[in-house]
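Breakdown of the fold
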Amino acid sequence: MQVVPNQERVRELLTFLDRIDWKRPGFPTKSIAEENPLRKIYCKISDIKRELDEEMDRIRRDQHNFKRLVDNSPDFIAELDRDLNILSMNLPMANSLGDHVVSLIGKNILGLYSGDAFRERSEMIRQSLEKQVTIRNETERNGLYFENIYLPSSEHQTVQIIIRDITARKRVELEKKDIEMKMLAQSKLATLGEVATGVAHEINQPLTFISSVIQLLLEELDANDLNLKLAQERLEKSENQIEKITDIINHLKTLGRRKIESGQRVDLNKVLYDSLLIVNERIRLRDIHLVCDTDPQLKEINGSPNQLEQIFLNMFSNAIDALENQEEGKEIRVETRNETDGDVAEVL
């Protein structure tokens, strides 16, 4: 560590005073010398020197301990100048580059990494320096996840970088997300089990209609009394009923899928009506009056249709259960609307 000028002057003065022979002939006796102003100055400066040396020793110990702490860190730590030249780094980062710390000082860090392994971080470093803000981001390479932290210093126009391996943490997060997806899938299956009776009725109704039409057509054919125009109308109605059944079945298949897509543009009104395909019969069988007031201009949102529908199904199931013991005036009211002061869609 460089000694500041004031400290150097103190050392020079002490050296000068040490050369004085306080006992040579002509100097006062010891008792008198102790009262000598110059002797007092010497003693005072000696005390200052001793305190200074102790402080310097403490600083050197702190520097050593701090360096040992940094070198023992599992993180990759380095300090770079504006041109991305290495000013200092810890042992783990040097080891990752296959060289010694001393050999790497002064080298440009971009030349030490192959391909784009570090170039994607260089822009972050420059932004951190220019804007004088701490930047954090995460990167993934070959199945390994890293958190990158960039700490700028306006005084020295340098930036410290910390590269932290967070692979273990990310794997825990991914496992947790997978467990949540499995729990959601189980919740959906439980919901489907609860509404199975209602869905069966929703399918049986059109099937009964189609069966009746076919029976009637067969009877008219046997009696040679088939009205083609009327038969065509009945078949068209039957086709509509078949489409209704197909919609319900396809919707059940979609709802039962484990994979959940997110980040899609979602029409909440459509998700709401899809949910009612599943629970409408449960509502009807319990004599609950359903009121739907949907805004046709409702704004789309980002989300997962599957997850949102599961939320709606849970809300309807909770509402149905809450009205179970109510004798009369049972009503479920659903309203969708846009907030007046923002791009937000509400479901009430």
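Our subject in this report is the structure included herewith.

**Focus: the overall build of the chain**
Each helix and strand in the chain was counted, giving 11 helices and 10 strands. When burial is assessed residue by residue, the chain has 31% of its 348 residues classed as buried. For the chain, the accessible area works out to roughly 23000 Å², and carbon and sulfur atoms hold 51% of it.

**Some thoughts on unusual backbone geometry**
Phi is positive for Leu84, close to 65 degrees, though the residue is something other than glycine. Given the relative accessible area of 0%, Leu84 is considered buried. Phi is positive for Asp287, which is not a glycine, with a value near 55 degrees. Among the structural elements, Asp287 can be located in the loop between α10 (268-285) and β7 (289-293). Residue Asp287 is classed as exposed on the basis of its relative accessible area of 64%.

**Here's the deal with the nonpolar core**
Residues Leu80, Met89, Met93, Ile109, Ile125 and Ile161 are the most contacted members of the largest nonpolar core, which totals 19 residues. Put simply, the parts of the chain that give this core at least two residues each are β1 (76-80), β2 (86-89), α4 (91-96), α6 (119-131), β4 (144-153) and β5 (158-165). With three residues, the single largest contributor to this core is β5. Grouped together as the second largest cluster of nonpolar side chains are 18 residues, Leu268, Val271, Leu308 and Leu313 included.

**A closer look at the sheet that holds strand β3 (residues 135-141)**
Spatially, the five strands line up as an open sheet ordered β2-β1-β5-β4-β3, and their pairing is antiparallel. Two strands close off the open sheet at either side, each with one partner strand: β2 and β3. The average undirected angle you get between the axes of adjacent strands in this sheet is 20 degrees. Here β4 runs beside β5; their pairing, made up of eight bridges, is antiparallel. When the bridges of β5 are listed, Tyr150 appears paired with Ile161.

**Quick notes on the environment of Leu207**
With respect to the helices, strands and loops of the structure, Leu207 is situated in helix α8 (residues 196-222). By relative accessible area, Leu207 is classed as partly exposed at 41%. Separated by 38 residues in the primary sequence, Leu207 and Ile245 have C-alpha atoms spaced 8.2 Å apart.

**Overview of α10**
Taking 1.5 Å as the rise per residue, α10 with 18 residues should run 26 Å; its terminal C-alpha atoms sit 26 Å apart, in good agreement. The principal kink in α10, of about 55 degrees, is found at Ile278. Every buried residue belonging to α10 is among Leu268, Asn269, Val271, Leu272, Asp274, Ser275, Leu276, Ile278, Val279, Glu281, Arg282 and Ile283, and all of these are buried. Structurally, the start of α10 carries an N-cap: the backbone nitrogen of Asn269 is 3.0 Å from a side-chain oxygen of Asp267. The positive-phi residue at the C-terminal boundary of α10 is Asp287, with phi of around 55 degrees.

What counts and how
- Residues numbered from 1 in each chain as written.
- Predicted model: local features only at pLDDT ≥ 70, side-chain atom pairs only at ≥ 80, totals over all residues.
- Heavy atoms only, no water.
- Helix = DSSP H or I, 4+ residues; strand = E, 2+ residues; numbered from the N terminus.
- Buried < 20%, exposed > 50% of the residue type's maximum accessible area, 1.4 Å probe, protein only.
- Areas by Shrake-Rupley, 256 points an atom, 1.4 Å probe, with all protein chains shown as cover.
- Core = buried A, V, L, I, M, F, W, Y, C linked by side-chain atoms within 4.5 Å.
- Pairing = 2+ DSSP bridges.
- Axes fitted to C-alpha atoms, helices over the stretch in contact; angles between N-to-C directions.
- Expected span 1.5 Å × (residues − 1).
- Bend = angle between axes of the 7 residues up to and from the residue.
- Polar contact = N/O pair within 3.5 Å; in protein donor to acceptor, adjacent residues only side chain to side chain.

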